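A look at the structure
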Amino acid sequence: MKPAATSKEEILAACRELIHRQGGTALNVREVAAACGISVGTVYNYFGSKADLVGAAVESVWYDIFRCTDDGSAFATTQDCVRWLFERLAYGNAQYPGFFTLHSASFVNQDRPEGKVRMQKAWEHIMEMLCKVLQQDPLIRPGVFCDAFTPEQFADILFSLILAAQLRGQYSADTVLQLVDRMLYQMPCTGTA
């Protein structure tokens, strides 16, 4: 028998394991307590309500999936960042089957403000990382960005494409990488064949 969980992080680790094995709907206080070898009351000592527990578990899963650098400086190019994001989505889908769909649907379609805030926080982190990489990428040809077309706008496009691929369960970055290459690195077409 494993020792009882004695910290908030150990409880969240048990939550991630439950989500991995049984999906996000498996999170209930009794099952978490049993998985941790602690009483239900002890869970409530760490988390004030089931909503707090679920929200913290969801945030913990998002962090596990997208753990890396906080600021995007680990990526030399936009393509490196996009490739990494698709790899992490594939990891997240394998490690936490159905998490993205369940999480998005349950928090967007229901009145669960704490879940929406945590999901939005994860998305904002990814957007900030994309923006920073776009601003620092040394391979981007001059003149790509201007007041009418900013790195932030292109990051929004990339993020939308990444989310759409996730919703379709497609974890190949090839098409998005082609778009990045053609939009940012190659000289634009002149219109002649």
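Coordinates for the structure precede this section.
Keep in mind that what you see is a predicted model, and the values were worked out from it rather than measured.

**With respect to the packing of helix 1 (residues 8-22) against helix 4 (residues 50-65)**
Viewed as axis vectors pointing N to C, helix 1 and helix 4 meet at an angle of 75°, and their least axial separation amounts to 9 Å. When the interaxial angle is binned, helix 1 and helix 4 end up roughly perpendicular. Along the contact surface, helix 1 presents Ile11, Leu12, Cys15, Arg16 and Ile19, while helix 4 presents Leu53, Ala56, Ala57, Ser60, Val61 and Asp64. In terms of residue class, the contact of helix 1 with helix 4 is made up of 8 nonpolar, 1 polar and 2 charged.

**A short note on helix 1**
The end-to-end C-alpha separation of helix 1 is 21 Å, in line with the 21 Å expected for 15 residues at 1.5 Å each. For helix 1, the complete set of buried residues consists of Ile11, Leu12, Ala14, Cys15, Arg16, Leu18 and Ile19. Downstream of helix 1 by a residue or two, Gly23 has a phi angle that is positive, lying close to 90°.

**Some remarks on the environment of Val144**
Structurally, the position occupied by Val144 is in the loop between helix 7 (113-136) and helix 8 (151-168). Of the residues examined, Val144 reaches a relative accessible area of 11% and is grouped as buried. Expressed as a C-alpha distance, the spacing of Val144 and Tyr185, which sit 41 residues apart in the sequence, is 8.8 Å. If we ignore the near neighbours within four places in the chain, the residues touching Val144 are Phe149, Met183 and Leu184.

**Digging into the nonpolar core**
Counting residues in each nonpolar core, the largest one holds 57 residues, and the members touching the most others are Val32, Trp62, Phe66, Leu85 and Phe99. Among the secondary structure elements, those contributing two or more residues to this core are helix 1, helix 2 (29-36), helix 4, helix 5 (78-95), helix 6 (99-109), helix 7, helix 8 and helix 9 (174-185). The element best represented in this core is helix 7, accounting for 10 residues.

The rules behind these values
Residues numbered from 1 in each chain as written. Predicted model: local features only at pLDDT ≥ 70, side-chain atom pairs only at ≥ 80, totals over all residues. Heavy atoms only, no water. Axes fitted to C-alpha atoms, helices over the stretch in contact; angles between N-to-C directions. Helix = DSSP H or I, 4+ residues; strand = E, 2+ residues; numbered from the N terminus. Parallel < 35°, antiparallel > 145°, perpendicular 65-115°, else oblique. Contact = heavy atoms within 4.5 Å. Nonpolar A, V, L, I, M, F, W, Y, C, P; charged D, E, K, R; others polar. Expected span 1.5 Å × (residues − 1). Buried < 20%, exposed > 50% of the residue type's maximum accessible area, 1.4 Å probe, protein only. Core = buried A, V, L, I, M, F, W, Y, C linked by side-chain atoms within 4.5 Å.

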